[in-house]
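Letter by letter, the chains look like this.
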Amino acid sequence: MLIYALNRVLTLVPTLLAASFLVFMFIHLIPGDPASILLGDTATPEEVAQLSRELGLDEPLWTQYVLWLGNVLQGDLGTSVFFREPVLSVIADGAETSILLATMTMFWIVLFGVPIGIVSAMRHGSWVDQATSGGAMLFASVPTFWLGLYLILIFSVGLGWFPSSGFPSIADEGGASNLRYLVLPSLTLAAPNAALIIRLIRASMLDVSREDHVRTARAKGLHPVRVAIKHIFRNALIAVSAAFGFTFAALVSEAVVTETVFSLPGIGRLVVQSILRRDYPVIQGVILVIVVFYTAINLLVDLAYASLDPRVSLK
Amino acid sequence: MNVPLSIAPVFRGRALATIGMCWLVVVGIAAIGAPLLAPFDPLEFDPLVRLSDPGWPHLFGTDHFGRDSLSRAIYGARMAIVIGSGSVLIALVAGGLVGMLSAYFVRLGHLLMRIVDVLMAFPALLLALVLMTLLERSVLNTVIVIGIVYATTTARIVFGMTLKLKRDVFVDAAICSGAGHASVLFRHILPNLVSPMLVQASFIFAFAQLQAAALDFLGLGLPPEVPSWGNMLSEERIYVTRAPWLLIFPGALIILSVFSMNLVGDALRDNIDPRFKDDIAGV
C-alpha cells in the first residue's frame, strides 16, 4: 500500500510540472508582449520595462519558466490588473463561497442520490426503476443555467422563499442564515451530478448483486432490505465513494456557470469575469490553483480507493 | 466477434429510445431544410413586434429585436448538428488515433498517454474556457475546443479497449500470417472498435450540446449573432419575467435533443461487445 501510494505521488510530479508549463505558456500564447499583457492597458512604459526584467523576458523560455515556477512555489502568482491586489488574495476571497457551495451541493447529491439509487437497484426492472433511471437521465440532460434561471423564477421571484443572487460572506458578516443564499445554486449544481450518482449506484449495486455472497445472504433468509444495504450497497460503495470524490473535485470548475447565474462571488465567476476583463494574471492563477486542487483530490480519491479495496494496490 | 450494429434489435422494446431517435430525425430534417421550413429570416429585426406573445404569425413569439423565435429555433437545429457532429469527428479521430497507437506501440504510448494525462489534469469546462480565451469566437473554434476536450477521454477509453483486443488470438493470427502494423491496427483491430466508438460518439454528441450552450451562456461560445439554442437562451435571459416563452422553447429543444441522444446511446451500449460495456461511461 505504501509503495503504491509513493508510486502514485511520484507519477503525479511530471504531470503537474507539465500542466504548470502549459499554464505558464498561456500568457505567451496570447498575441502581444507578456509584460504589457500582465500589466494591462494603463501601465507606463517604465513599469512594462521593469516587469520584463523581473520576468526575465529577454532570457530563454526555459529560464523564464523556472523563474515563474520559483515565484509560484513561494505563493507569488502575480498581481491582478483589475483589483491591483496579489492574485493569491483575490482567489482566496472567492474560496469561501466556492467551498461552501461545493459542500452544500455534495450534501444534496448524497441526500437524494443515495436513497434513490438504492431503491432503483432494489426494484430493478420495475416501473419505479424505469421512472428513476429515466428521470435521472432527463436531469443530466438539462443545461444548468436554464435550471438555475427557472429555480430563481419559481422560488425567488414567485414564492419569495430564497434570495435570487449574491452571497454575503459568513466569515465577514457572520450568521449561518446566509447559507440560504446558496440553497438554489447548490440545488442547481446538484441536479445533473445527483443524476449521474443515481445511475452509478444502480449499476454498481446490480453488479454486486450477482455475486455469490449475495446469493448466500438471500439463501439464509435475510430480509431483502438488509441484503440490499449491508451486503450489496456496502460493497458497491467502494466504486461509488470514488465517484463522490471525483464529483467534488470537478464541482469547483463546474460551478462556473452556476456562480454566474446566481452572481455568487466564487472562484468560478472570478474566472469568467477575469476572461471578460482580460485580467490575465488572475486567469493564469485561478487555472493553476484549480488544476492543483483537482489533481490533489483525485490523488486522495485514488489512495482512499486503494485502501478500501486492497486488490487495486496489488495489481 | 465483430457484431455489426443493426437498428432493429437496438430499439426493440425500448419505446423511449425509439421516440428519442424520431426526435433526432426531426432535428436533422429541420437542420437540412431550415431555409425552406423557417417562416421568417432568423436575423431580420422587426422593431414593431418586439417581445410579442406566441401566436400567429410568430408561433414561438419574437425576441427583443423582434426576430422570429421559431425561425431562430429551426436554424438553431443546424448549429446543434454542426457542433455535435464536428466535436464527435474531432474527438473520435484524434482521440481514437492517439488511443490506438498508444496501446499498440508501447513506447509511443508512454509519451502520448502522459500528454493525455496532462490535459486531463484540467477539468473539462475549464479547459474549454482557457482555449476559448486564446481563440476568437467562431463556430469552427467552438467545435475544435469541444472536440479537444472530449478527445482526451476518448483517447483513454480507446487505449483501454485496444489493450484488451491486442491480447486476442486473432491479432496473433494476423501477425503470423504476415500482416504489417498498419494492417493489424486498421483492418483487424479498428473494426472491433467501431461499435463501442459509435456509442461513445452518441454520448459526446449529447454532452457537446450542453458544453456549447454553457459556453454561449458565458459569452465565450458561438458569436452572438449566430442563431443557436444556447445563444437564444443567453440573449433573452434578462427578459425571463416578461417573456418566459423565449427561454422555454430553446431550453426545451436542448433538453429534448440531449435526452434523446443519451437514450439512443444507452440503447446502443446494451448491444455492444459486453467486454467494452464498462469502458464507456456515458450518463
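Residues numbered from 1 in each chain as written. Chains lettered and ligands numbered in written order. Predicted model: local features only at pLDDT ≥ 70, side-chain atom pairs only at ≥ 80, totals over all residues. Heavy atoms only, no water.

### Concerning the overall build of chain A
From N to C terminus, chain A includes 14 helices and zero strands. Its helices and strands in sequence order give chain A the pattern α-α-α-α-α-α-α-α-α-α-α-α-α-α, from N to C terminus. The long-range fraction of contacts in chain A, counting pairs at least 24 apart against all pairs at least 6 apart in sequence, stands at 71%. (Helix = DSSP H or I, 4+ residues; strand = E, 2+ residues; numbered from the N terminus. Contact = heavy atoms within 4.5 Å.)

### Remarks on the overall build of chain B
Along chain B, the regular secondary structure elements total eleven helices and zero strands. Expressed as lengths along the three principal axes of its C-alpha atoms, the size of chain B is roughly 75 × 45 × 30 Å. Of the contacts made within chain B by residues no fewer than 6 positions apart, 74% connect residues no fewer than 24 positions apart. Accessible surface computed for chain B: about 12200 Å², of which carbon and sulfur atoms make up 70%. Across chain B, the centroid of the 19 positively charged side chains sits 10 Å from that of the 19 negatively charged ones. (Areas by Shrake-Rupley, 256 points an atom, 1.4 Å probe, with all protein chains shown as cover. Lys, Arg positive; Asp, Glu negative; His and termini not counted. Charge placed at Lys NZ, Arg CZ, Asp CG, Glu CD.)

### Side note on the interface of chain A and chain B
Facing the 40 residues of chain A at the interface are 36 residues of chain B. Summing both partners gives a buried area of about 3500 Å² for chain A against chain B, and 84% of it is carried by carbon and sulfur. Taken together, the links from chain A to chain B amount to one salt bridge. Of the charged contacts in the structure, one is a salt bridge between A:Arg199 and B:Asp266, with a shortest N-O distance of 2.9 Å. Summed over the shared surface of chain A and chain B, the number is four residue pairs in polar contact (both at pLDDT 80 or more). Mapped by element, the contributors of at least two residues to the side of chain A that touches chain B are α1 (2–29), α6 (127–140), α7 (144–158), α9 (183–209), α11 (224–261), α12 (267–277) and α13 (280–308) of chain A. The residue inventory of the side of chain A that touches chain B, partitioned by class, reads 32 nonpolar, six polar and two charged. (Buried area = accessible area lost by both parts, 1.4 Å probe. Salt bridge = Lys/Arg side-chain N within 4 Å of Asp/Glu carboxyl O. Polar contact = N/O pair within 3.5 Å; in protein donor to acceptor, adjacent residues only side chain to side chain. Nonpolar A, V, L, I, M, F, W, Y, C, P; charged D, E, K, R; others polar.)

### Topic: the domain arrangement of chain A
As a measure of interface size, the accessible area lost when the parts come together is often cited. Residue and element names in this part refer to chain A. Each assigned domain of chain A is listed here: domain 1 (2–73) and domain 2 (88–308). At the interface, 17 residues of domain 1 touch 13 residues of domain 2. When domain 1 packs against domain 2, the two sides together hide about 1300 Å² of surface, and 82% of this comes from carbon and sulfur. In this structure, the connection of domain 1 to domain 2 is made through one salt bridge. (Domains from an automatic or database assignment.)

### Describing the side chain of A:Asn193
Residues and elements named next belong to chain A. With respect to the helices and strands, the residue Asn 193 is situated in helix α9. Classification of Asn 193 by relative accessible area gives buried; the value is 7%. A distance of 3.3 Å separates a polar atom in the side chain of Asn 193 from a polar atom in the side chain of Glu 254. Once residues lying within four places of it in the same chain are set aside, the contact partners of Asn 193 are Ile 109, Thr 247, Leu 251 and Glu 254. (Buried < 20%, exposed > 50% of the residue type's maximum accessible area, 1.4 Å probe, protein only.)

### So, the pattern of salt bridges
Summed over the entire model, instances satisfying the criterion amount to eight salt bridges over all chains. A:Arg202 serves as the salt-bridge partner of A:Asp129, at 2.6 Å between the closest nitrogen and oxygen. With a gap of 73 residues between them, A:Asp129 in helix α6 and A:Arg202 in helix α9 connect regions that are remote in the sequence. Given a relative accessible area of 3%, A:Asp129 falls into the buried group. Residue A:Arg210 pairs with A:Asp207 through a salt bridge whose shortest N-O separation is 3.2 Å. For A:Asp207, a relative accessible area of 41% corresponds to the partly exposed category. Sharing partners across several salt bridges, the network here consists of A:Arg199, B:Asp266 and B:Arg269.

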